[in-house]
Amino acid sequence: MTQRVRKAIIPAGGLGTRFLPATKAQPKEMLPLIDKPAIQYIVEEAVRSGIDSIVIVSGRHKRAIEDHFDKSAELEDELEERGNAEMLAVVREISQLADIYYVRQKEPLGLGHAVLCARRFIGDEPFAVLLGDDILMSEPPCLKQMIEVYEERQSSVIAVMEVPWDQTHKYGIVDIGGSLEVVATVKDLVEKPAPGEAPSNSAVVGRYVLEPAIFELLERAVPGKAGEIQLTDSLRQLNERNALTALRFEGRRYDVGDKLGFVQATIDLALEREDLGEDIKRYLLEKLPLLR
Ligand code: UTP
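Here the residue index of a chain counts from 1 through its sequence in written order. Only residues with pLDDT of at least 70 get local features here, since the model is predicted, and only at 80 or more are side-chain atom pairs given and counted; chain-wide, interface and lining totals rely on the full set of residues. Remark: hydrogens and water are excluded; side-chain values derive from all non-hydrogen atoms of the structure.

Draft legend 1. Broad picture of unusual backbone geometry. Following leucine 20, the chain continues to proline 21 via a peptide bond in cis, the omega torsion being 5 degrees. For the purposes of this entry, the term helix denotes a DSSP run of H or I that reaches at least four residues, the term strand denotes a run of E that reaches at least two, and both are numbered from the N terminus. Along the chain, proline 21 falls in the loop between β1 (7-12) and β2 (32-33). The step from glutamate 139 to proline 140 runs through a cis peptide bond, and the omega angle for that step is 0 degrees. Following the sequence through the fold, proline 140 ends up in the loop between β7 (134-137) and α7 (142-153). For glutamine 154, which is not glycine, the phi dihedral falls at a positive 55 degrees. Mapped onto the elements, glutamine 154 comes out in the loop between α7 and β8 (157-162). Assessed through its relative accessible area of 34%, glutamine 154 is described here as partly exposed. Phi at lysine 192 takes a positive value of approximately 45 degrees, unusual for a residue other than glycine. We call a residue buried when its accessible area falls under 20% of the maximum for its residue type, exposed when it is over 50%, and partly exposed in between, using a 1.4 Å probe and counting protein chains only.

Here it is, written out as structure tokens:
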């Protein structure tokens, strides 16, 4: 019987060292892209994909995330008093987005460990994982397409996209034994292969739909590099039991945990905004000749 994918995990317990000192006292997932924290884009993608409950795995700076998705009675009263109906609606909507729960990852022992921390919340059903620093722009949302593929094929699904061949060392790479079709069966996965050793240039992006069997594998996983439990190792084992499906993601992807990706996302999003687009465009056009 097909089980619906209703729950999602958003791991947000990493240290965000690439963004220090901004991440010294706040999680990188709370850094804003224009005026919305990155993690809110992720929660919105999950909701638009049909997810109704979300667990956020957070670390030391859990408060800021929790407060963001909570009702803020004081702020709402203040905005009401000032007659700022537009902002009031924006603020209210955030606390009504989804049922959000929190688990604390006591130590940042890797992405695999973060997923394992949410085991009790998920139980024995398939679930989604959305990485807090991968922003994907597509219509329909990437996760929605992945859930449809999961329900059709009854095997775990990972989203992949082609990256330049000289960048494979930055990603998990899938071997699909040929060119990348929209949907393909995964032969193997390799974590960050050096250019020249990569079996393909199809890189894993931060969305997964997984069978609960992954938890047993994560439980038994041996910490690898820097004492971290990697998700990729357990995905490889899962793949041996029931081949994973790779779904080609078509859309824009930003790694907002990386400075360049963060700035690119900010510029693109600003250009698309009605209230900002024209001004930013004018500014960039003025600037451009000076950069040549
Ligand atoms: P990253 O490796 O991009 O996050 O993990 P990081 O370790 O915070 O970043 P840098 O390299 O130090 O700058 C991908 C996702 O997995 C989460 C992160 O929060 C991020 O969303 N993660 C990573 C955890 O939840 N726990 C961990 O132990 C590690």
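On we go from here.
Draft legend 2. Structural detail: the pattern of salt bridges. Put simply, a salt bridge is a Lys or Arg side-chain nitrogen that is within 4 Å of an Asp or Glu carboxyl oxygen. The full count for this structure, using the stated rule, is 26 salt bridges. In this structure, aspartate 255 and arginine 18 form a salt bridge, with 3.5 Å as the shortest nitrogen-oxygen distance. Of this pair, aspartate 255 sits in strand β14 (residues 252-255) while arginine 18 sits in the loop between β1 and β2, and the two are 237 residues apart along the sequence. The class of aspartate 255 is partly exposed, set by a relative accessible area of 21%. Note that aspartate 67 is salt-bridged to arginine 63, the shortest N-O span being 3.3 Å. Highlighted residues: aspartate 67 and arginine 63, both in helix α2 (residues 62-69), separated by 4 residues, approximately one helical turn. Relative accessible area serves as the criterion here: at 63%, arginine 63 is assigned to the exposed category. Each of Arg18, Lys28, Asp133 and Asp255 takes part in one network of salt bridges that share partners.

Draft legend 3. A look at the confidence of the model for the protein chain. Note: pLDDT gives the predictor's confidence per residue, expressed from 0 to 100. The predicted model of the protein chain averages 93 in pLDDT, with 99% of residues at 70 or higher. Highest mean pLDDT in the protein chain belongs to strand β6 (residues 127-130) (98); lowest belongs to strand β10 (residues 183-185) (89).

Draft legend 4. Inspection of the environment of aspartate 188 at higher detail. For aspartate 188, the position within the fold is in strand β11 (residues 188-191). A relative accessible area of 27% places aspartate 188 in the partly exposed class. Measuring from C-alpha to C-alpha, the distance between aspartate 188 and proline 37 comes to 35 Å, with 151 residues separating the pair along the chain. When checking whether two residues touch, look at their non-hydrogen atoms; a contact exists if any pair is within 4.5 Å. If we skip the residues at most four places from it in the chain, aspartate 188 touches Ile173, Val174, Asp175, Arg236 and Asn239. Engagement of the side chain of aspartate 188 in a polar contact is seen with the side chain of arginine 236, the distance being 3.1 Å. Any pair of nitrogen or oxygen atoms within 3.5 Å is treated as a polar contact; in protein, a donor-acceptor pairing is required on top of that, and neighbouring residues in sequence qualify only through side-chain atoms on both sides.

Draft legend 5. A look at the packing of helix α10 (residues 259-272) against helix α11 (residues 277-291). Orientation is described by axes fitted as lines to C-alpha atoms, over the contacting stretch for helices, and by angles from 0 to 180 degrees between their N-to-C directions. Direction vectors running N to C along α10 and α11 enclose 125 degrees, while the axes themselves pass 6 Å from each other. Here α10 lies oblique to α11, going by the angle between them. Residues Ile267, Ala270 and Leu271 of α10 lie in contact with α11, whose contacting residues are Gly277, Ile280, Lys281 and Leu284. An angle below 35 degrees is read as roughly parallel, one above 145 as roughly antiparallel, one from 65 to 115 as roughly perpendicular, and any other as oblique.

Draft legend 6. A look at the side chain of histidine 113. Looking at the secondary structure, you find histidine 113 in helix α5 (residues 111-116). The exposure class of histidine 113 is buried, given its relative accessible area of 17%. Setting aside residues no more than four positions away along its own chain, histidine 113 makes contact with Gln105, Glu107 and Ile229.

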